[in-house]
Structures are given as structure tokens and as C-alpha cells.
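Topology and contacts: notes
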Amino acid sequence: AWLTRQRNELTKFQNDPTTSSMTLKRVQKIKQLGIHLTATKKATAAHQLHWEQKIKDLKHYKSRHGHLIIPASEPSLGTWVHSIRRRYSPYLKDPKTASTQIQQRINLLSDMGFVWNVYEAQWFQNLDTLRPYIQPNGRLSSSAAPQTIKLRKWWQAQKREYVLYKQGNKTTLTQARIKALDGMIPTVKMDTVKQF
């Protein structure tokens, strides 16, 4: 019974890791025990159909909204997308551990514009919203649209983090964010950041 459950979980894992309790570590441990698991064809076909339906749902969502930042308010799709991010993130960090099928799925999702890191995407969206209003001195123009007012505090925080980075201090900015901010914020002393 245990071995049958493991085979079923492996089948799910190979076809759509979001539907399985199996993990890469478990597969490796089972292999270390000398047990050879093979996926069942029936379960494989069912999971492939599930995957294909979710891809159709993603394409439909993107055609309606223009992006693939799926909110939690989209119950079925939002949950699935969250689990895809969680399950596939180890393979994004270390692609050589992914099976051919998983790598193909990651490539398919990436080609569709799938957002693997929502926080990073939101950060760049905020910057793109403010970009037209950022003056050479790093301040926001007084002509900034009303919707950008709430982003002023966010911009202040980014400037503080950038100055910390330039001073050689620890910062929360990723290399991609630093690159995006280069040239937008003059290097100044920390005590003058509040004046921006």
C-alpha cells in the first residue's frame, strides 16, 4: 500500500508537482533505498489534462487582463499559480535538478510571461509608474499624477536603500533593482535623503 501511494505521488509529481506531496528530496531518498518507482499511465494522462486546462485558463486570464499576476481573489487559478511558484522555485534556482518535462513547463510558463516573483514584478511596476515623474535630482515632480501620491513613500524608501548600497552598507535591493536605479538617484549623504 505504501509503495503504491508513493508511485501515485511520483506520477503526480512528474506531471504537475503542485498536485503532489512528493518532493525532489523524497524521490532521491526512495532511490537511495534501492526502490525503483515508475509512474502509472492512467494518472499521467489525468494530470496532463489538468495541466493543459490550467494553461488554457492562464492564457484566457492574460487575454482579459494583459498580465499573469494572478491575485488570490481568483480562487482556482490563484491557488494553482501560487502552488506552481512554490513547487517550481527550487528548479529555477538549480535547473539541472529538473526533469525534462518540468524544464519544458517552466519554459512554457516563462514564455507566456508567467510572473515567478510577484514582489519583484510589483517593484518594477511601481518604478515604471513613477519613472516619468523622477527628476534628475531624484525628487518626484510636483506634476506627478494623483495615483502616484501613494508611491511617494515607496520612492523615499528606495532612495534610502540605494544610498545605503552606494555607501557600502547592507541593503534590501537586489542587483536588478540597483541596476534599474543607477543614474536615477544622485549619490548623497544619508542625512540629506529625507530632503528628496
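This text goes with the structure placed above it.
Attention here is on the structure that accompanies the text. On a predicted model such as this, the values are computed, not experimentally measured, just so you know.

**Some points on the nonpolar core**
Core analysis: the biggest nonpolar cluster contains 23 residues, and Leu58 and Trp80 have the highest contact counts within it. Elements supplying a minimum of two residues to this core: helix 1 (2-15), helix 2 (24-32), helix 3 (41-65), helix 4 (75-93) and helix 5 (100-112). Among the elements that take part in this core, helix 4 stands out by supplying 6 residues, more than any other. Setting aside residues up to four positions removed in sequence, Leu58 forms contacts with Leu68, Ile70, Leu77, Trp80, Val81, Leu109, Met112 and Phe114. Judged by nonpolar contacts, the second largest core, of 17 residues, contains Ile134, Tyr162, Ala180 and Met184.

**Some points on the packing of aromatic side chains**
By the definition in use, this model includes 7 aromatic pairs. Three or more aromatic residues joined by ring pairs form one cluster here, namely Tyr88, Tyr91, Phe114 and Trp116.

**Looking at the side chain of Arg85**
Summarising the element assignment, Arg85 is placed in helix 4. The charged side chain of Arg85 is buried without a salt bridge, its nearest counter-charge being Glu74 at 12 Å. Excluding residues within four positions of it along the chain, Arg85 makes contact with Leu68, Phe114, Val115, Trp116 and Val118.

**Looking at helix 5**
In this model, helix 5 (13 residues) spans 18 Å end to end at C-alpha, consistent with the 18 Å of a helix rising 1.5 Å per residue. Following helix 5 by one or two positions, Gly113 adopts a phi angle in the positive range, close to 95 degrees.

**Here's the deal with the packing of helix 6 (residues 118-130) against helix 7 (residues 152-166)**
Orientation of helix 6 relative to helix 7, taken along the N-to-C sense of each, is 105 degrees, at an axis distance of 11 Å. In terms of orientation, helix 6 lies roughly perpendicular with respect to helix 7. Contact residues: Trp123, Asn126, Leu127 and Leu130 in helix 6; Trp154, Trp155 and Gln158 in helix 7.

**A look at the side chain of Lys159**
With respect to the helices and strands, the residue Lys159 is situated in helix 7. Polar side-chain contacts of Lys159 include one of 2.9 Å to the side chain of Gln156.

**Observations regarding helix 7**
Compared with the 21 Å implied by 1.5 Å per residue over 15 residues, the 21 Å span of helix 7 between its first and last C-alpha is a close match. Turning to helix 7, its buried residues are Trp154, Trp155, Gln156, Gln158, Lys159, Glu161, Tyr162 and Val163. Residues of helix 7 that are buried in the fold lie against helix 6 and helix 8 (175-181). Directly beyond the C-terminal end of helix 7, a positive phi value near 85 degrees is found at Gly168.

**Observations regarding the pattern of salt bridges**
Here the structure, examined in full by the defined rule, presents 3 salt bridges. When the shortest N-O distance is used, the salt bridge between Lys96 and Asp94 registers 3.2 Å. Taking relative accessible area as the criterion, Lys96 reaches 73% and is therefore assigned exposed. Across the pair Glu120 and Arg177 runs a salt bridge, and its minimum N-O distance is 3.0 Å. With Glu120 in helix 6 and Arg177 in helix 8, this pair connects stretches of sequence that are 57 residues apart. Residue Glu120 is classed as buried on the basis of its relative accessible area of 16%.

**Here we look at the environment of Gly113**
The residue Gly113 is located in the loop between helix 5 and helix 6 in this model. Considering only alpha carbons, one finds Gly113 and Leu68, 45 residues apart in sequence, at a separation of 6.5 Å. In this structure Gly113 touches Lys62 and Leu68, once residues within four positions along its chain are discounted.

Rules and cut-offs
Residues numbered from 1 in each chain as written. Predicted model: local features only at pLDDT ≥ 70, side-chain atom pairs only at ≥ 80, totals over all residues. Heavy atoms only, no water. Core = buried A, V, L, I, M, F, W, Y, C linked by side-chain atoms within 4.5 Å. Buried < 20%, exposed > 50% of the residue type's maximum accessible area, 1.4 Å probe, protein only. Helix = DSSP H or I, 4+ residues; strand = E, 2+ residues; numbered from the N terminus. Contact = heavy atoms within 4.5 Å. Phe/Tyr/Trp six-rings, centres within 6.5 Å; stacked < 30°, edge-to-face > 60°. Lys, Arg positive; Asp, Glu negative; His and termini not counted. Salt bridge = Lys/Arg side-chain N within 4 Å of Asp/Glu carboxyl O. Expected span 1.5 Å × (residues − 1). Axes fitted to C-alpha atoms, helices over the stretch in contact; angles between N-to-C directions. Parallel < 35°, antiparallel > 145°, perpendicular 65-115°, else oblique. Polar contact = N/O pair within 3.5 Å; in protein donor to acceptor, adjacent residues only side chain to side chain.

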